[in-house]
Amino acid sequence: MVKRKTTSASEMDGGNYEAKVAEIETIITRIEAGELQLEEVFEQFATAIEYLRQCETFLQQRQQQVNLLIETLNDE
């Protein structure tokens, strides 16, 4: 069973986002380099996918905030 770290995108801040992206890059590098056993590849891949989902949600939330700010500016 794959263990996942549970940080929701709403709990993620900009620094944590950057850390997740760096971790995804590290995972990709290790997979591409062939450093992992097959089982580890699947575990790391699942972790990377979870981090990608968290990052995507974080970015979508920030985009909504930007859109709201732009609307507010346009209403003034």
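Look up: the structure comes first, before these words.
Remember, predicted model here, so these are calculated numbers, not experimental data.

*Asks:* Explain the environment of Ile24 to me, using residue names and the numbers behind them.
*Replies:* On the secondary structure map, Ile24 appears in helix α1 (residues 14-33). The spacing of Ile24 and Tyr51 is 27 residues in sequence and 7.1 Å in space, taken between C-alpha atoms. Sequence-distant contacts of Ile24, that is, excluding residues within four places in its chain, are made with Ala48, Tyr51, Leu52 and Cys55.

*Asks:* An account of the packing of aromatic side chains is requested, with residue identities and associated values reported.
*Replies:* All chains considered together, the criterion is met by one aromatic pair. For the ring pair Tyr17 and Phe58, a centre distance of 5.3 Å and an interplane angle of 25 degrees mean the geometry is stacked. Highlighted residues: Tyr17 in helix α1 and Phe58 in helix α2 (residues 38-75), separated in sequence by 41 residues. We classify Tyr17 as buried; its relative accessible area is 16%.

*Asks:* Run through α1, naming residues and quoting values.
*Replies:* Here α1 is 20 residues long and its end C-alpha atoms lie 29 Å apart, about the 28 Å a rise of 1.5 Å per residue gives. The set of residues buried in α1 consists of Tyr17, Lys20, Ile24 and Ile27. Angularly, the buried residues of α1 cover 80 degrees about the axis, an arc narrow enough to put them on a single face. Phi turns positive one or two residues past the end of α1, at Gly34, with a value near 75 degrees.

*Asks:* Requested: an account of the pattern of salt bridges, with residues and values cited.
*Replies:* Side chains carrying opposite charge are able to pair once their charged atoms draw close together. Under the counting rule described, the total for this entry stands at one salt bridge. Put simply, Glu35 and Arg30 hold a salt bridge, and the shortest N to O gap is 3.4 Å. The class for Arg30 is partly exposed, based on a relative accessible area of 32%.

*Asks:* Can you tell me about the packing of α1 against α2, naming the residues and giving the values?
*Replies:* One way to put it is that α1 packs onto α2 with a least axis distance of 9 Å and a crossing angle of 150 degrees. When the axes of α1 and α2 are compared, the pair comes out roughly antiparallel. α2 is crossed by α1, and the crossing has left-handed handedness. Between α1 and α2, the residues in contact are Gly14, Tyr17, Lys20, Val21, Glu23, Ile24, Ile27, Arg30 and Ile31 and Val41, Gln44, Phe45, Thr47, Ala48, Tyr51, Leu52, Gln54, Cys55, Phe58 and Leu59, respectively.

The rules behind the values
Residues numbered from 1 in each chain as written. Predicted model: local features only at pLDDT ≥ 70, side-chain atom pairs only at ≥ 80, totals over all residues. Heavy atoms only, no water. Helix = DSSP H or I, 4+ residues; strand = E, 2+ residues; numbered from the N terminus. Contact = heavy atoms within 4.5 Å. Phe/Tyr/Trp six-rings, centres within 6.5 Å; stacked < 30°, edge-to-face > 60°. Buried < 20%, exposed > 50% of the residue type's maximum accessible area, 1.4 Å probe, protein only. Expected span 1.5 Å × (residues − 1). Arc of directions from axis to C-beta. Salt bridge = Lys/Arg side-chain N within 4 Å of Asp/Glu carboxyl O. Axes fitted to C-alpha atoms, helices over the stretch in contact; angles between N-to-C directions. Parallel < 35°, antiparallel > 145°, perpendicular 65-115°, else oblique. Left-handed = near helix turned anticlockwise from the far one by under 90°.

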